[in-house]
Amino acid sequence: MFIGPVNRSSSRAFTLLEVTLSVAILGMMALIIYRFVQANIMAVRISAEATIADARYSGLRELLMVEWQSLPSGQGAMTGEPAKLNDRPRDEIRWICGPGPGLLTRYAPGDFSVWLRLKPPAKNSNQMDLGILRRPKADPGLVHEHDTWVPLIENVKSLQIRYFDPRLNIWVDRWTDTLLLPRLVKLIVGRPDANVPWEIIIPLGRTPY
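Our subject in this report is the structure included herewith.

Thresholds applied
Residues numbered from 1 in each chain as written. Predicted model: local features only at pLDDT ≥ 70, side-chain atom pairs only at ≥ 80, totals over all residues. Heavy atoms only, no water. Helix = DSSP H or I, 4+ residues; strand = E, 2+ residues; numbered from the N terminus. Buried < 20%, exposed > 50% of the residue type's maximum accessible area, 1.4 Å probe, protein only. Areas by Shrake-Rupley, 256 points an atom, 1.4 Å probe, with all protein chains shown as cover. Phe/Tyr/Trp six-rings, centres within 6.5 Å; stacked < 30°, edge-to-face > 60°. Lys NZ or Arg CZ within 6 Å of the ring centre and 35° of its normal. Core = buried A, V, L, I, M, F, W, Y, C linked by side-chain atoms within 4.5 Å. Contact = heavy atoms within 4.5 Å. Salt bridge = Lys/Arg side-chain N within 4 Å of Asp/Glu carboxyl O. Pairing = 2+ DSSP bridges. Axes fitted to C-alpha atoms, helices over the stretch in contact; angles between N-to-C directions.

**Comments concerning the overall build of the protein chain**
Broken down by element type, the protein chain carries one helix and eleven strands. Its helices and strands taken in sequence order, the protein chain reads α-β-β-β-β-β-β-β-β-β-β-β from the N to the C terminus. Going through the 209 residues of the protein chain one by one, you find that 31% of them count as buried. Within the structure as shown, the protein chain displays about 14,000 Å² of accessible surface, and the carbon and sulfur contribution to it stands at 59%.

Shown next, in the form of structure tokens:
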């Protein structure tokens, strides 16, 4: 009697080299996925921070536009002087107003002098914040204990302010005429998070020109 060969299925185990290669490949894939996710999270965070910063500058533009366009001519409504510190422009502009957007409060007695300027957040700090300083117009004291500081934008590199004089048809770096308002006011703010400074031009109303 003829008996044919019996087929037996043989199973072979993984060798140590194959296991090592598999673990290395899985590790490389995990590292690639981790770096991809980390890069996306970083991009989202940077984008969110930039959006928040842009929103603050947009809010500043709207605040100044509403306030300055409502200023009446005369009575020293607006003056401005250039200044520098460590070769960085630190100009400031002053105006007089009552309760409203320019004072950032609706409840205040009488008129106030308001300055838009730079100020360090703490003593001996190299960082500068952009904000407004409020002082009662009728305050005759030298200490000015009723002054209030309202920071608007943190960590600003510089502040440059220019005024368009329609009588000369040029931009000037200071405004001392207490009887007239400038036609335009230009703000140039140095941003540490941008390669170019932030710049706006705000037209003022109620000028006689």
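Here the narrative resumes.
**A word on the packing of aromatic side chains**
Per the stated rule, a full pass over the model turns up four aromatic pairs. The interplanar angle of 40° and the centroid separation of 6.4 Å between the aromatic rings of tyrosine 163 and tryptophan 175 together place this pair among those described as tilted. Here tryptophan 175 lies in the loop between strand 9 (170-172) and strand 10 (184-190) and tyrosine 163 lies in strand 8 (residues 158-165), a separation of twelve residues in the sequence. In this pair, the class of tyrosine 163 matches that of tryptophan 175, namely buried. A cation over a ring is seen here: lysine 186 above tryptophan 171, with NZ or CZ 4.5 Å from the ring centre.

**Comments concerning the nonpolar core**
A general feature of soluble globular proteins is that nonpolar side chains tend to end up buried together. Trp68, Ile93, Trp95, Leu130, Val185 and Leu187 are the most contacted members of the largest nonpolar core, which totals 36 residues. Looking at this core, the elements that each hand over two or more residues are helix 1 (16-68), strand 4 (92-97), strand 5 (112-119), strand 6 (129-136), strand 7 (148-153), strand 8, strand 10 and strand 11 (198-203). Setting aside residues up to four positions removed in sequence, leucine 130 forms contacts with Leu60, Leu116, Arg117, Leu118, Trp149, Pro151, Leu152, Ile153, Val156, Leu159 and Val189.

**Observations concerning the pattern of salt bridges**
Taken as a whole and judged by the stated rule, the model has nine salt bridges. For the salt bridge of arginine 162 with aspartate 91, the shortest nitrogen-to-oxygen distance reads 3.2 Å. Within this pair, whereas arginine 162 is found in strand 8, its partner aspartate 91 is found in the loop between strand 3 (88-89) and strand 4, the two being separated by 71 residues in sequence. Judged by relative accessible area, arginine 162 falls into the partly exposed class, the value being 21%. Its salt-bridge partner being aspartate 147, residue arginine 135 comes within 2.9 Å of it at the nearest N-O pair.

**Describing the sheet that holds strand 10**
Pairing in this open sheet of four strands is antiparallel, and the strands run 9-8-10-11 from one edge to the other. Of all the strands in the sheet, the pair left with one neighbour each is strand 9 and strand 11. Across the sheet, the mean angle separating the axes of adjacent strands is 25° when strand polarity is ignored. Across three bridges, strand 8 lies against strand 9 in antiparallel orientation. Residue pairing in the sheet places phenylalanine 164 in a bridge with tryptophan 171 of strand 9.

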